[in-house]
Amino acid sequence: MTTLKEKIKQAAGYAWAAAAFAAALAALSSHEGIGRGIAATGLRISPVFSGGELARTINRKGYSVFIHRPVFDALLREKKEGFVQVDWGPAEALPARLSETLDLDGDGRAESILELETAGPEVKLRTEDCRVGPAEKPLLVEKARTVRLYQEPEPPSGPADMKKITVRITLRKSCAAVK
């Protein structure tokens, strides 16, 4: 049975470890030079967190639509269900309501219509493609500095360095996965 003194030592050890971890995260996020050093090792941020590599950019009047590659990544192999991330930015230039007809899977056919209310933000998805599923709630994202770690030497203007609205849409590899 552990004594009170041992429990206090354990709690202090856990608190110290948590404080050291928080300090390390703060140091890494505030210094781009450290981030670039880590990037030189070949480490990459998982597409599950970053949204995947940028596949296409559609320039509109005053703003752009950024469509990322479909992400089916998992730890050991690909999943049957993934997502496609769509970003609109800069957020300040977006109209109050917009409607986009998009090719989410990159096959050359526009199969989905996303309607975005920027004030909420709210999104509606209309599609005839059984592989495309409901969209997640849109998020207003500030500069995504962590994505900048592996873009050398300076990140291009786009979804990683602007205030944007982002949404993820479910995408399945086949219609059989819907059942």
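Along each chain, residues carry numbers from 1 onward, in the same order as the chain's sequence is written. With pLDDT at 70 or above as the cut-off, local features in this predicted model cover only qualifying residues; side-chain atom pairs require 80 or more to be listed or tallied, and sums for whole chains, interfaces and linings still use all residues. With hydrogens and water set aside, each side-chain value is computed from the structure's full complement of heavy atoms.

Let's shift gears to the overall build of the protein. Labels follow the DSSP assignment, with helices taken as runs of H or I lasting at least four residues and strands as runs of E lasting at least two, numbered in each case from the N terminus. Of the regular secondary structure elements, the protein holds 3 helices and 9 strands. When its helices and strands are written in sequence order, the protein yields α-α-α-β-β-β-β-β-β-β-β-β. Under the scheme applied here, a residue whose accessible area is under 20% of the maximum for its type counts as buried, over 50% as exposed, and between as partly exposed, the area being computed with a 1.4 Å probe on protein chains only. Buried residues in the protein amount to 34% of all 179 residues. Pairs at least 24 apart in sequence give 53% of the contacts found in the protein among residues at least 6 apart. Here the protein displays about 11400 Å² of accessible surface, and carbon together with sulfur accounts for 60% of that area. By definition, residues are in contact when any of their heavy atoms lie within 4.5 Å. Surface accessibility in these figures is a Shrake-Rupley result with a 1.4 Å probe; residues are shielded only by whichever protein chains are displayed.

Quick look at the sheet that holds strand β6 (residues 122-127) now. Within the open sheet, the 3 strands sit side by side as β4-β5-β6. Their pairing is antiparallel. The sheet is open, and its two edges are formed by β4 (97-102) and β6, each paired on a single side. Neighbour-to-neighbour, the strand axes of the sheet open up by a mean angle of 15 degrees, direction not taken into account. Between any two strands, at least two bridges found by DSSP are needed for them to pair. Pairing of β4 with strand β5 (residues 112-117), which is carried by 6 bridges, proceeds in the antiparallel orientation. Bridge assignment links T101 to a residue of β5, and that residue is I113. Working convention: axes come from line fits to C-alpha atoms, limited for helices to the stretch in contact. Angles between N-to-C directions cover 0 to 180 degrees.

With respect to the secondary-structure elements, R109 resides in the loop between β4 and β5. Any N or O atom pair separated by 3.5 Å or less is treated as a polar contact, with the protein-specific requirement of one donor-capable and one acceptor-capable atom, and with residues adjacent in sequence counted only for side-chain atom pairs. Separated by 2.9 Å, the side chains of R109 and D107 make a polar contact.

Time to look at the state of the cysteines. Disulfide assignment relies on a single distance test, namely cysteine sulfur atoms paired within 2.5 Å. Tallied over the entire structure, the rule returns 1 disulfide. The residue that forms a disulfide with C130 is C175, at a sulfur-sulfur distance of 1.4 Å. Disulfide C130-C175: the torsion about the S-S bond is 50 degrees, which places it as right-handed. Here C175 lies in the segment after β9 (164-172) and C130 lies in the loop between β6 and β7 (132-135), a separation of 45 residues in the sequence. Under the relative-accessibility criterion, C130 is labelled partly exposed at 34%. On the basis of relative accessibility, which here comes to 36%, the residue C175 falls in the partly exposed class.

Once that is clear, we can look at unusual backbone geometry. Cis geometry marks the peptide bond from G89 to P90; its omega dihedral reads -5 degrees. Turning to its location among the elements, P90 is positioned in the loop between β3 (81-89) and β4. Of note, the bond from G120 into P121 is cis; its omega dihedral lies within 30 degrees of zero at -15 degrees.

The subject of this paragraph is the nonpolar core. To form a nonpolar core, buried Ala, Val, Leu, Ile, Met, Phe, Trp, Tyr and Cys residues must be joined to one another through side-chain atoms within 4.5 Å. Residues V86, W88 and L114 are the most contacted members of the largest nonpolar core, which totals 19 residues. In contact with V86, not counting residues within four places along its chain, are V65, F66, L102, L104, L114, I165, T166, V167 and I169.

With that settled, consider the side chain of R172. Summarising the element assignment, R172 is placed in strand β9. Looking at R172, its side chain comes within polar contact range of the main-chain oxygen of C130, at 3.4 Å.

Time to look at the packing of aromatic side chains. Between the rings of Phe, Tyr and Trp (Trp by its six-membered ring), a pair exists once the centres lie within 6.5 Å; its type follows the angle of the planes, with under 30 degrees stacked, over 60 edge-to-face, and the other angles tilted. Inspection of every chain in the model, using the stated rule, returns 0 aromatic pairs. We count a charge as sitting over a ring when the NZ of a lysine or the CZ of an arginine lies within 6 Å of the ring centre and within 35 degrees of the ring normal. Its guanidinium or amino end placed over the ring of F72, K173 lies 5.3 Å from that ring's centre, counting from NZ or CZ.

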